[in-house]
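Architecture and fold: a report
So the chains spell out like this:
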Amino acid sequence: KAGVTQTPRYLIKTRGQQVTLSCSPISGHRSVSWYQQTPGQGLQFLFEYFSETQRNKGNFPGRFSGRQFSNSRSEMNVSTLELGDSALYLCASSLRTGESGANVLTFGAGSRLTVL
Amino acid sequence: GDSVTQMEGPVTLSEEAFLTINCTYTATGYPSLFWYVQYPGEGLQLLLKATKADDKGSNKGFEATYRKETTSFHLEKGSVQVSDSAVYFCALMSREYGNKLVFGAGTILRVKS
């Protein structure tokens, strides 16, 4: 079955612009999470959506936002881009959320954002 | 808050050598523990997991045991291959925070033929 699909895979923006990244989860998965990966800070949790509701949010400024649609597809948006936003943005999907704390997340290949 | 500490790399081994990557964690309650692997240019793949104390996760020759008394989840493999070269991440998930994974810094493994 198809995995987690992220688009675009690569993009270049300039400071001050905004960007929207898209994530299509595995069919039937209702939870979508986003992570930022940088050499300096490693992998950091951005937010999680389940059934179109934000379940949890990491420690990022309000310039980072997201949403989830009724078909479980998700988008994240970063406004007023800064050089430090250059990163690999990873999306992960899961069937469920919470409860057992042992849900397996399946990751996409990521969207690599470069801010000039 | 929750945190994960991994041994720093890179770790360089010859083919067929024994591998250990140390991982310790700090968390309230009883988190689930995971090892993920990332190959160049790719996302993360789940390698193995353990959900309670003394559980052993295993996959593709890799093993890790959830040790509550030492808050550790060390990754081991008896005989590494060149194809195991990748970055390995230890992570935890606490049920209080939904599907939020807290990752260690990652350990680069290089296997020479």
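Read on for a plain summary of the structure.

Turning next to unusual backbone geometry. Residues and elements named next belong to chain A. Omega for the peptide link from Thr7 to Pro8 comes to -10°, which places this bond in the cis form. Along the polypeptide, Pro8 turns up in the loop between strand E1 (5-7) and strand E2 (10-13). A positive phi is found at Glu52, a non-glycine position, where the angle reads about 70°. Within the fold, Glu52 resides in the loop between strand E5 (42-50) and strand E6 (53-57).

What follows is about the nonpolar core. Ranked by internal contacts, the top residues of the largest apolar core, which has 26 residues, are B:Leu19, B:Trp35, B:Leu48, B:Phe73, B:Leu75 and B:Tyr88. In terms of residue count, strand E10 (residues 86-93) of chain B provides more of this core than any other element does, 4 residues in total. For B:Leu48, the residues in contact, after removing those within four places along its chain, are B:Leu33, B:Phe34, B:Trp35, B:Gly57, B:Ser58, B:Asn59, B:Phe62, B:Glu63, B:Ala64, B:Phe73 and B:Leu75. A:Ile26, A:Phe47, A:Met76 and A:Leu81 belong to the second-largest nonpolar core, a separate cluster that totals 21 residues.

Residues and elements named next belong to chain B. Of the two faces of strand E2 (residues 11-14), the one holding Val11 and Leu13 is buried and the one holding Thr12 and Ser14 is not buried anywhere. As paired strands, E2 and strand E12 (residues 107-112) are joined by 4 bridges and run parallel to one another. Bridge pairing links Leu13 to Val111 in E12.

Here we take up the environment of B:Ala27. Residues and elements named next belong to chain B. If you trace the backbone, Ala27 turns up in the loop between strand E4 (23-26) and strand E5 (32-38). C-alpha separation for the pair Ala27 and Leu92, spaced 65 residues apart in sequence, amounts to 8.5 Å. Not counting residues within four places of it along the chain, the set of residues in contact with Ala27 comprises Asp2, Leu92 and Ser94.

Definitions and cut-offs
- Residues numbered from 1 in each chain as written.
- Chains lettered and ligands numbered in written order.
- Predicted model: local features only at pLDDT ≥ 70, side-chain atom pairs only at ≥ 80, totals over all residues.
- Heavy atoms only, no water.
- Helix = DSSP H or I, 4+ residues; strand = E, 2+ residues; numbered from the N terminus.
- Core = buried A, V, L, I, M, F, W, Y, C linked by side-chain atoms within 4.5 Å.
- Buried < 20%, exposed > 50% of the residue type's maximum accessible area, 1.4 Å probe, protein only.
- Contact = heavy atoms within 4.5 Å.
- Pairing = 2+ DSSP bridges.

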